Protein chains: 2
Amino acid sequence: MNEFELIARLAKSLPANKNVVTGAGDDCAVLDFGLSEKLFLFKTDAVVEGIHFTTDTPPEKIGRKALARPLSDIAAMAGTPVAALVTLGLPEKFEPEFVAKIYDGLNALAEKTGTAIAGGETTTNPGRIFISIALLGTVARGKQILRSGAKAGDAIFVTGELGGSLAGRHLEFEPRLEEARWLTEHFPIHAMIDLSDGLAGDLRHVLNASGAGAELLKDAIPVSRAAKLRAQKKTPFAAALTDGEDFELLFTVASGDAVKLLDAWKKQFPKLKLSCIGKIVAGGGITIRDKTGAQKLNAHGYVHFA
Amino acid sequence: MNEFELIARLAKSLPANKNVVTGAGDDCAVLDFGLSEKLFLFKTDAVVEGIHFTTDTPPEKIGRKALARPLSDIAAMAGTPVAALVTLGLPEKFEPEFVAKIYDGLNALAEKTGTAIAGGETTTNPGRIFISIALLGTVARGKQILRSGAKAGDAIFVTGELGGSLAGRHLEFEPRLEEARWLTEHFPIHAMIDLSDGLAGDLRHVLNASGAGAELLKDAIPVSRAAKLRAQKKTPFAAALTDGEDFELLFTVASGDAVKLLDAWKKQFPKLKLSCIGKIVAGGGITIRDKTGAQKLNAHGYVHFA
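Residues numbered from 1 in each chain as written. Chains lettered and ligands numbered in written order. Predicted model: local features only at pLDDT ≥ 70, side-chain atom pairs only at ≥ 80, totals over all residues.

## Side note on the nonpolar core
Item 1. Counting 192 residues, the largest nonpolar core has A:Phe42, A:Ala84, A:Met192, B:Phe42, B:Ala84 and B:Met192 as the members making the most contacts within it.
Item 2. In contact with A:Ala84, not counting residues within four places along its chain, are A:Leu67, A:Ala110, A:Thr115, A:Ile117, A:Ala118, A:Ile133, A:Ala134 and A:Leu135. (Core = buried A, V, L, I, M, F, W, Y, C linked by C-beta atoms within 7 Å. Buried ≥ 20, exposed ≤ 12 C-beta atoms within 10 Å, placed from the backbone. Contact = placed C-beta atoms within 7 Å.)

## Points about the packing of helix H2 (residues 59-76) of chain B against helix H3 (residues 96-113) of chain B
Residue and element names in this part refer to chain B.
Item 1. The interhelical angle for the contact between H2 and H3, taken along N-to-C directions, is 40 degrees, at an axis separation of 6 Å. Judged on the interaxial angle alone, H3 and H2 are oblique. In the crossing of H2 with H3, the sense of the turn from one axis to the other is right-handed. In this structure, H2 uses Pro59, Glu60, Lys61, Ile62, Gly63, Arg64, Ala66, Leu67, Ala68 and Leu71 to contact H3, whose residues at the interface are Phe98, Lys101, Ile102, Tyr103, Asp104, Gly105, Leu106, Ala108, Leu109, Ala110 and Thr113. (Axes fitted to C-alpha atoms, helices over the stretch in contact; angles between N-to-C directions. Helix = DSSP H or I, 4+ residues; strand = E, 2+ residues; numbered from the N terminus. Parallel < 35°, antiparallel > 145°, perpendicular 65-115°, else oblique. Left-handed = near helix turned anticlockwise from the far one by under 90°.)

## Side note on the sheet that holds strand S9 (residues 213-217) of chain A
Hydrogen bonding along the main chain pairs the strands of a sheet, whether they run parallel or antiparallel.
Residue and element names in this part refer to chain A.
Item 1. Spatially, the seven strands line up as an open sheet ordered S8-S10-S7-S11-S9-S12-S13, and their pairing is mixed. Two strands in the sheet have a free side with no partner beyond their single neighbour: strand S8 (191-194) and strand S13 (293-296). The sheet shows a mean angle of 25 degrees between the axes of neighbouring strands, taken without regard to direction.
Item 2. As defined by bridge partners, S9 adjoins strand S11 (residues 274-281) across four bridges and the pair is classed as antiparallel. For Glu215, the partnering residue across the bridge sits in S11 and is Lys279.
Item 3. Its contacts with the sheet place helix H5 (residues 199-210) against strand S7 (155-159), S8, S9, strand S10 (249-253) and strand S12 (285-290), and it is angled at close to 145 degrees to S8. (Pairing = 2+ DSSP bridges.)

## Overview of the relation of the copies chain B and chain A
Item 1. If you rotate chain B by 180 degrees and push it 0.0 Å along the axis, it lands on chain A with an RMSD of 0.0 Å. Such a turn and shift between the copies fits a two-fold axis.
Item 2. Counting the interface residues of chain B, we find that 100% of their copies in chain A are interface residues as well, pointing to one common contact surface. (Least-squares fit on C-alpha atoms with pLDDT ≥ 70 in both.)

## A look at the interface of chain B and chain A
Item 1. Counting residues at the interface gives 60 residues for chain B, matched by 60 residues for chain A.
Item 2. At the level of secondary structure, the elements contributing two or more residues to the side of chain B that touches chain A comprise helix H1 (3-12), strand S2 (29-31), strand S3 (38-48), strand S4 (80-90), H3, strand S5 (116-124) and strand S6 (130-140) of chain B.
Item 3. For the side of chain B that touches chain A, the element with the most residues is S5(B), which contributes nine residues.
Item 4. Each residue belonging to the side of chain B that touches chain A can be placed in one class, and the counts come to 32 nonpolar, 21 polar and seven charged. (Nonpolar A, V, L, I, M, F, W, Y, C, P; charged D, E, K, R; others polar.)

## Let's talk about the sheet that holds strand S12 (residues 286-290) of chain B
Residue and element names in this part refer to chain B.
Item 1. Reading across the sheet, the seven strands line up as S8-S10-S7-S11-S9-S12-S13 and stay open at both edges, with mixed pairing between neighbours. Only two strands of the sheet have a single neighbouring strand rather than two, namely strand S8 (189-194) and strand S13 (293-296). Each adjacent strand pair in this sheet contributes to an overall mean axis angle of 25 degrees, direction not counted.
Item 2. Together, S8 and strand S10 (249-253) form the strand contacts of H2, whose direction differs from that of S8 by roughly 175 degrees.
Item 3. Contacting strand S7 (155-159), S10 and strand S11 (274-281), helix H8 (residues 258-268) runs over the sheet at an angle of about 160 degrees to S11.

See below:
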């Protein structure tokens, strides 16, 4: 049993009950407590020293990132965050002032997004800082956008620019809460996800959940300046496909809505780029098309011709 | 700034919003989403390898304990668990079969208590297993029992027997969910807490939150067999006061209800001991009384004469 088989096995046998509308496998769990207009979104996310930040990362940015990541998942369901709990694993020796600054960064983003910090826990994690955030939010009943709704013919959009997030953006990104709610209020969005694993990996999650494939236009994919500047082991295009931690939104709509949506977006969010990068097709997998032809993306997210 | 000053400082400056009824500082956060009959309980709790379990602990028991701890907090508020998310930090090398067994233990307790496992996350935590559980529950509106309601004159009760939990009970305890709900349905319980830090420490939490003191009767405190058998560095009595991880309930009721409650309890839960161990008094601190006199407990929870 490898790691993927393990996760698949675990996800299959999890206890459910009547409150669970959507369990493991989407951006958030969706719960129903009988409120007429709202469903609940429930998410946890952890950042770990040496994995998601380093010993050099300013503590305010560690705290900010720890909360921004699950906020991005709430955004991906078109929800509104309400309350978070903070589980802080700390080495035996730690600087209280450093921890206070982690909270400063976390609290500032909580204030900005209307999220209460309703408590949490401090425990010992020898050797490194481990921060897990549990986040509870709400979404208008029936307006939660899952990964599974993409349909052949849909246009695929991404917000912002992709790749090179490790150069700094991963500590400073804005969860797209307002944008996601605006989208679902004005257009019938079919599927949505936030880009945490990289465009190729996260699009694949949408495709697998929806039973579909995608055809991307290479020149339409918005490659960030950071991806271009940092290109060493990867081409900028490969970085945009696979770097991860972009925390932008990827969503699909019926192709007939695509132009109208782009126009309305430009008026509503003139500072944030929105790109139509391709379309959902029948079948499976991801094909990249450029002027020389089309090529399948392999399972690891790397395109052969890039 | 020491650790306690840090926590006090952090708890003071946490962002709140209109949904938060009770924030940091009780067994669970209490949230209001406008459901007429229910409030929500929100809790996170983590277990860490080398702290809360060892490399020798059977994996099923690790998973069981990880969920049982926050369930005990839901019990301490007289609530009902609904859904949990599991954050699993794993070393770079791990045995999938071992992780599957952690879930077996966790799932079994979830099934037994009606708790859905609605998802979670797996991440890397080099060197050791770190499991954080986020738990969402409900409580009948107005029936949540806080730490702050103890009144001078109240009788103090504890369920079960105390001390020596490390001998095995900490891996096998039953969260007192049914007992807590029965208590609040049949008696006006003033304050309640689950015993995780040890009787002395947790009673002190109740006293500080309630602005009161307590007088305990030494001979009335139920000392477990494990505490008696393991007494080495501590007397059995000191173990019952300070060992921690008992996960029994401590609660207070008006003294006029005490006898009636004891009688009703014996009929309802004949297999689970309930002990009246003393009373709430004006002032502060904990006094232990025996036939030779009374003595104050010091700040570290050790009694001088024990």
